Amino acid sequence: MPKPKGKGGKNRRRGKGDGEESKRELEFKEDGQEYAQVVKMLGNGRCECFCFDGVTRLGHIRGKMRKKVWITAGDIVLVAKRDFQDEKVDIVHKYTADEARNLKQYGELPETARINETAVDMAMTADDDDNDIGIDFDDL
């Protein structure tokens, strides 16, 4: 029989899930940083981010946030631009929906920014209003 090496297993290490989120200070962008919205998760800690300067870039979740802060499509994040690679950014901070609304209120985020909407929602409400997917049933 194996000897006990610790006090409990995975659930004990995780801690209590009280669900009480502490009120944290709102983080604003500095030079070299930009606000972005996650469009699509690509896997391996990477995602496609639409930066609010109008450019879509490949985002990389930094190691401190991996497996601790879960990022999904539609989240508003703070990204750090790379000096040597313009097409890649590092995700530094994830905003909650309330924090994102506050940023929008302060004028940090543009009015066109959609909070709490996933990529599927964004694709469904695209600029084309005709709702036609290109299948004609009259020919059958």
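Only a predicted model underlies this, so the values are computations on that prediction, with no experimental measurement involved.

## Looking at the confidence of the model for the protein chain
Per-residue pLDDT for the protein chain averages 80, and the proportion of residues at 70 or more is 74%. When mean pLDDT is compared element by element in the protein chain, strand S5 (residues 88-94) scores highest at 93, while helix H3 (residues 119-124) scores lowest at 50.

## Focus: the pattern of salt bridges
A complete count under the given rule lists nine salt bridges for this structure. Glu 99 is the partner of Arg 24 in a salt bridge, and the nearest nitrogen-oxygen pair spans 2.9 Å. Taken together, the positions of Arg 24 in the loop between helix H1 (10-14) and strand S1 (33-43) and Glu 99 in helix H2 (residues 97-105) put the pair 75 residues apart, joining distant regions of the chain. With a relative accessible area of 40%, Arg 24 lands in the partly exposed category. Residue classification places Glu 99 among the buried positions, given a relative accessible area of 9%. The salt bridge involving Glu 34 is made with Lys 29; its shortest N-O contact spans 3.5 Å. Exposure remark for Glu 34: the relative accessible area of 9% places this residue in the buried category. You can call Lys 29 partly exposed: its relative accessible area is 35%. A single network of salt bridges, built from pairs that share partners, joins Lys 29, Glu 34, Asp 53, Arg 57, Lys 81 and Asp 86.

## Some words on H2
All buried positions along H2 are accounted for by Glu 99, Ala 100 and Leu 103. For H2, the buried positions fall inside an angular range of 100° around the axis, keeping them on one side. Exposed side of H2, more than 90 degrees from the buried face: Asp 98 and Gln 105 are the residues found there. Contacts from the buried residues of H2 go to S1, strand S4 (76-81) and S5. Gly 107 occupies a position one or two residues after H2 and carries a positive phi of about 85°.

## Let's talk about the packing of aromatic side chains
Counted according to the given criterion, the structure contains three aromatic pairs. Look at Phe 28 and Tyr 106: their rings are 6.0 Å apart centre to centre, the planes differ by 55°, and that puts the pair in the tilted class. Note that Phe 28 is positioned in the loop between H1 and S1 and Tyr 106 in the loop between H2 and H3, a separation of 78 residues in sequence. According to the relative accessible area criterion, Phe 28 is partly exposed, its value standing at 38%.

## Here's the deal with the sheet that holds S4
Taken together, the five strands give a closed barrel; going around it, the order is S1-S2-S3-S5-S4, and neighbouring strands pair in mixed fashion. In this sheet, adjacent strand axes meet at a mean angle of 50° when their direction is disregarded. Both S4 and S5 contribute to a ladder of five bridges, which runs antiparallel. Counterpart to Val 79 in the pairing with S5 is Ile 91.

## Notes on the pairing of S1
In terms of strand pairing, S1 meets S4 through five bridges, oriented antiparallel. Bridge assignment links Ala 36 to a residue of S4, and that residue is Val 77. The sheet contact formed by S1 and strand S2 (residues 46-51) spans six bridges and is antiparallel. Of the residues in S2, the one forming a bridge with Gly 43 is Arg 46. In sequence, S1 turns back onto S2 through a hairpin of two residues, with Asn 44 there showing a positive phi of about 60°.

Criteria and cut-off values
- Residues numbered from 1 in each chain as written.
- Predicted model: local features only at pLDDT ≥ 70, side-chain atom pairs only at ≥ 80, totals over all residues.
- Heavy atoms only, no water.
- pLDDT = per-residue confidence, 0-100.
- Helix = DSSP H or I, 4+ residues; strand = E, 2+ residues; numbered from the N terminus.
- Salt bridge = Lys/Arg side-chain N within 4 Å of Asp/Glu carboxyl O.
- Buried < 20%, exposed > 50% of the residue type's maximum accessible area, 1.4 Å probe, protein only.
- Arc of directions from axis to C-beta.
- Contact = heavy atoms within 4.5 Å.
- Phe/Tyr/Trp six-rings, centres within 6.5 Å; stacked < 30°, edge-to-face > 60°.
- Pairing = 2+ DSSP bridges.
- Axes fitted to C-alpha atoms, helices over the stretch in contact; angles between N-to-C directions.

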